[in-house]
Amino acid sequence: MIKTIRPKLELLSRDLIQKIIEEAYDILEKQGVFVENQEALKLLREAEMKVDESTQRVHITSQLVKDCLSSTPSIIRLYDRAGEREFIVGEDHVHFDPGSAAVTILDHKTVEQRKASTGDLVKFYCLTECLEYIHFQSTGLISSDVPDLISDSYRLYLGLQFSKKPVVTGTFRVEGFKPMFDMLVAVRGSEKELVEKPLAIFDACPSPPLKWSNLTTQSLIDCARAGIPSELISMGMTGATSPVTIAGTLVQHVVENLSGLVICQLAKKGAPVIFGGSPSSFDMRKGTTPMGAIETMMIDSAYAQIGKYLNLPTHAYMGLSDSKINDSQAGFETGIGAIVAVLSGVNVISGPGMMDFESCQSLEKLVIDNEICGMAYRLIDGISQRDEPIAKNLFEGFTPDTQFLSMPHTRKWYREEHIFPKVVDRDTYDYWVYLGKKSITDRASEEVERILQENPPHLPDEALQKELQKIMTADAKNCGISSLPEIKL
Amino acid sequence: MDKEELFDKMEKAIIEGDKEEAESLAKEAVKENLDLNEVIEKGCVPGIQKVGDLWEKGEYFLPELITSAECMKAAMEVFKPELKKANIETRSYGKIVIGTVEGDIHDIGKNLVASMLSANGFEVIDLGADVKLEKFIEKSEAENADFICLSALLTTTMLGQKKAIEMLKEKNLFGRFKVLVGGAPVNQKWANDIGADGYAENAMIAVKAVKKLIEE
């Protein structure tokens, strides 16, 4: 059998990649980056980097970057809550997770955005859990019925209870790490087991241009020491917080990611790091950051190519839309983004369900996007030679009446070769009318209800539930919060 | 093999679409002198019914439907001459003349409908594709058919369905045969407009439509 090729998209020539990296090295060494965290500054000083104490500007030599690159793993193995199913983050493996940390949810009935609460988060987790093509969970919604102070730990607390999938999350405060780490350890049983089988990825966003805030830097250090993969989320906005050219933004992107990677490696040599981001093409007319812009996707695809060139696992915010409702724009931006992402081999693709410049999640969109993800996976599975010969035997003694429906070859292969989406409309016009002239959003809404009704949540055992509750309650108490919302199923 | 075991195996062969197995089980049934109508009733029919259920549940798609129907057909091909020799009537729910109307050479949909009707116990006379309208009528009269099924895939040839019904009226045969229409451009409204007795969206619905017309 002839080997199947994995379809790929590469936007940059090798010469351009190398030039971008060279300029990034030059900036790191000559201009440096701002690091607003004392512990990181200490680590950098100990590594004999030049630190300007008054401005907290650090100059990082290319030699240190190269050393740190060589100690960063090229593959990360994540495990589900039970520690059984393994997911490889690296090479050309791709995993979708819902776009993270939305502040609102699109209410299907009123078609209005509203703040999300505990019940919405539970539904979101339970739904994501059942969507086949969304491999990872993300703490995709912020719950407005708890104070902001604990919204980072609270979303992970709910996520770990209602989902078995590995989870993409992150801290909103320096103190948030401890309870979140404790919860992950509680799931695994010990710190050692958490290092051996990571369950969560923590996002850390540098502030463009070229600044690592105290909070995100602390997250990098804490995660590195705990063996938790850090996903570096550089997010330049072309012409606003990064150079206007795509190649120029890529230079800044590399500087920010490599400086983050150095901090991780200095905190713990061999710490898992993901070369990621959420940059955007800045819309000069509206002053907005469209995630569905083709230029945004080009930046994402290109930095992922650079990440691969550096032999690192990659991440991007793709497969999402800026539309406010589930309309054509929501579908096409998500579709194009998902296809570009998988062809670029981005390992962790955060986006499904998300709309309105990363601010809103929609359960209906999540269901629709799951099917987009399914098609994207099918695309990269490529075209295979299934049989020897391919097909010429099927034509032996063919007549004008020959058809392929009843051939064993058809029954054997059709489900491998073709996928069958659920909410995408493939009915005849008459049957579609008979079914009530529904839009894809109507069907997705019914699918959300069906999934939630038919699939009770996968709760962990009672001891673990209690342990998680204990950690959450203690964290809330430390923040002066005496009670947490009741969880209704 | 005792007969119960053979019934089970036949049912399984039909569900799994294993044509060779269905055929060899049929031959074995003949060799063992089993009551062939019992084999059909207790082996083949439950098999094809299960296939229909799996289709309704959305687990089986067209390839499973048609391969299973072909298994049924393969077994029946073995039984028919034996039943005829022994002068035993096979139970038929009705006689159906089917074909794609003149000017239209598309017949995959029609073949599916024919296979499913046949697998569900109807006697199907398939005239093929590009069939002259007169021939549908002649054959139906000669065979004393219960149903005429007219397939058309093109918007141009679907007019043939209308013409065929007009011809039946001219010959005072309208009402003697139930007429069903199908094909990609055809819909219920068209069926109503031209005075057809039934319309089916797909092969499984065609079986239901025919059964429903019998009950009426």
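All figures in this text were calculated on a predicted structure; none of them were measured in a lab. (Residues numbered from 1 in each chain as written. Chains lettered and ligands numbered in written order. Predicted model: local features only at pLDDT ≥ 70, side-chain atom pairs only at ≥ 80, totals over all residues. Heavy atoms only, no water.)

> What is the right way to read the overall build of chain B from this model?
What chain B contains, in helices and strands, is nine helices and five strands. In terms of C-alpha radius of gyration, chain B reaches 18 Å, essentially the compact-globule figure of 17 Å for 216 residues. Considered along the principal axes of its C-alpha atoms, chain B spans approximately 55 × 40 × 30 Å. Within chain B, contacts between residues separated by at least 24 positions form 73% of all contacts whose residues are at least 6 apart in sequence. The averaged location of the 41 negative side-chain charges in chain B is 4 Å from the averaged location of its 29 positive side-chain charges. (Helix = DSSP H or I, 4+ residues; strand = E, 2+ residues; numbered from the N terminus. Rg over C-alpha atoms; globule rule 2.2 N^0.38 Å. Contact = heavy atoms within 4.5 Å. Lys, Arg positive; Asp, Glu negative; His and termini not counted. Charge placed at Lys NZ, Arg CZ, Asp CG, Glu CD.)

> Even after reading the chapter, I still don't get empty space enclosed by the protein, so can you show me in this structure?
It is the rolling of a water-molecule-sized probe over the atoms that shows where space remains empty. All names here are of chain B. In the structure shown here, the tally under the stated rule is one cavity of 30 Å³ or more. By volume, the largest cavity amounts to about 50 Å³. Around the largest cavity, the lining residues are Leu133, Phe136, Ile137, Ile148, Leu150, Ala164, Ile165, Leu168 and Val179. (1 Å grid on protein atoms, 1.4 Å probe; cavity = no way out; pocket = protein on both sides within 12 Å on 5 of 7 lines; lining within 4 Å. Points joined across faces, edges and corners; volume = space filled by probe spheres on them.)

> For this particular structure, what's the right way to read a nonpolar patch on the surface?
Residues and elements named next belong to chain A. A grouping of Leu11, Ile294, Met298, Phe332 and Ile336 is seen on the molecular surface, where their side chains present a nonpolar patch of about 430 Å² in accessible area. When contributions to the nonpolar patch are tallied by element, the ones reaching two or more residues are helix H10 (294–309) and helix H11 (328–343). Along the chain, Leu11 turns up in the segment before helix H1 (14–30). You can call Leu11 partly exposed: its relative accessible area is 39%. (Patch = residues over 30% accessible without salt bridge, like charges linked within 9 Å, V, L, I, M, F, W, Y side chains within 5 Å. Areas by Shrake-Rupley, 256 points an atom, 1.4 Å probe, with all protein chains shown as cover. Salt bridge = Lys/Arg side-chain N within 4 Å of Asp/Glu carboxyl O. Buried < 20%, exposed > 50% of the residue type's maximum accessible area, 1.4 Å probe, protein only.)

> Just checking my understanding: could you explain helix H13 (residues 408–417) of chain A for this structure?
Every α-helical turn comprises 3.6 residues, leaving residues that sit three or four positions apart pointing alike. Those residues of H13 of chain A lying buried are Thr410, Arg411, Trp413 and Tyr414 of chain A. Buried positions along H13 of chain A lie against helix H1 (3–16) and helix H4 (62–85) of chain B.

> Where do I start with the pattern of salt bridges in this structure?
By the definition in use, this model includes 39 salt bridges over all chains. Among the ionic pairs, Asp283 of chain A bridges to Arg285 of chain A, the shortest N-O distance being 2.7 Å. Arg285 of chain A sits in the exposed class, given a relative accessible area of 68%. Across the pair Lys208 of chain B and Glu56 of chain B runs a salt bridge, and its minimum N-O distance is 2.5 Å. Here the residue Lys208 of chain B occupies a position in helix H9 (residues 203–215), and Glu56 of chain B occupies one in helix H3 (residues 36–56), the gap between them amounting to 152 residues. On the basis of relative accessible area, Glu56 of chain B is assigned to the exposed category, the value being 52%.

> How do you make sense of the layout of surface pockets when you look at a structure like this?
All names here are of chain B. For the second largest pocket, the calculated volume is near 930 Å³. Surrounding the second largest pocket, 34 residues form its lining, Met76, Lys80, Ser118, Phe122 and Glu123 being those nearest its centre. Only H3, H4, helix H5 (108–119) and strand S2 (123–126) provide two or more residues apiece to the lining of the second largest pocket. Here the lining of the second largest pocket gets nine residues from one element, more than from any other, and that element is H4. Among the residues making up the lining of the second largest pocket, the classes are represented as 13 nonpolar, ten polar and eleven charged. Split by domain, the lining of the second largest pocket shows at least three residues from each of two domains, domain 1 (3–85) and domain 2 (95–215). (Nonpolar A, V, L, I, M, F, W, Y, C, P; charged D, E, K, R; others polar. Domains from an automatic or database assignment.)

> How do you make sense of the pairing of strand S14 (residues 273–277) of chain A when you look at a structure like this?
Across a regular strand the side chains alternate sides, sitting on one face of the sheet and then on the other. Residues and elements named next belong to chain A. Most of S14 sits inside the fold, with five of its five residues counted as buried. Both faces of S14 are covered, namely the face carrying Val273, Phe275 and Gly277 and the face carrying Ile274 and Gly276. Direction of pairing for strand S13 (residues 230–234) relative to S14: parallel, over a ladder of five bridges. Following the sheet pairing, Glu231 is matched in S14 by Ile274. (Pairing = 2+ DSSP bridges.)

> Teacher, can you tell me more about the interface of chain B and chain A here?
How big an interface is tends to be stated in terms of accessible area lost as the parts join. With 20 residues of chain B at the interface, the matching set in chain A holds twelve residues. Across the chain B/chain A interface, buried area totals approximately 1300 Å², and carbon plus sulfur atoms make up 56% of it. Together, Phe61, Pro63 and Glu201 of chain B form the three largest contributors to the area buried by chain B at its contact with chain A, with a combined 34%. Counting across the chain B and chain A interface gives one salt bridge. Ionic pairing is found between Glu64 of chain B and Arg415 of chain A, a salt bridge with its closest N-O pair at 3.2 Å. Going through the elements one at a time, H1, H4 and H5 of chain B are the ones with two or more residues in the side of chain B that touches chain A. (Buried area = accessible area lost by both parts, 1.4 Å probe.)

> I tried to follow helix H6 (residues 133–143) of chain B on my own but got confused; where do I start?
All names here are of chain B. Along H6, the positions that sit buried rather than exposed are Leu133, Phe136, Ile137 and Ser140. Down the axis of H6, the smallest arc covering the buried residues is 90 degrees, so these residues share one side. Along H6, the residues that are exposed and aim more than 90 degrees away from the buried face are Glu138 and Ala142. Buried-residue contacts for H6 involve strand S1 (95–100), strand S3 (147–151) and helix H7 (159–170). Looking one or two residues past H6, Asn144 carries a phi angle of roughly 55 degrees, positive in sign. (Arc of directions from axis to C-beta.)

> Got a minute to help me understand the environment of Glu28 of chain B in this structure?
All names here are of chain B. Topologically, Glu28 is positioned in helix H2 (residues 19–31). Owing to a relative accessible area of 23%, Glu28 belongs among the partly exposed residues under this scheme. Sequence-wise, Glu28 and Tyr93 are 65 residues apart; in three dimensions their C-alpha atoms are separated by 26 Å.

> I tried to follow the state of the cysteines on my own but got confused; where do I start?
Put plainly, two cysteines are in a disulfide when a covalent bond ties their sulfur atoms together. Taken as a whole and judged by the stated rule, the model has zero disulfides over all chains. Cys71 of chain B supplies the cysteine sulfur nearest to Cys44 of chain B, a cysteine that is in no disulfide, at a spacing of 9.7 Å. (Disulfide = S-S within 2.5 Å.)

> Even after reading the chapter, I still don't get the environment of Glu196 of chain A, so can you show me in this structure?
Note on placement: Glu196 of chain A falls in helix H7 (residues 191–196). Glu196 of chain A sits 32 residues away from Ile228 of chain A along the chain, and the two C-alpha atoms are 9.8 Å apart.

> Sorry if this is basic, but what is going on with a negative patch on the surface here?
All names here are of chain B. The grouping of Asp18, Glu20, Glu23 and Glu77 at the surface amounts to a negative patch. Looking at where Glu77 falls in the secondary structure, it is placed in helix H4. On the basis of relative accessibility, which here comes to 48%, the residue Glu77 falls in the partly exposed class.

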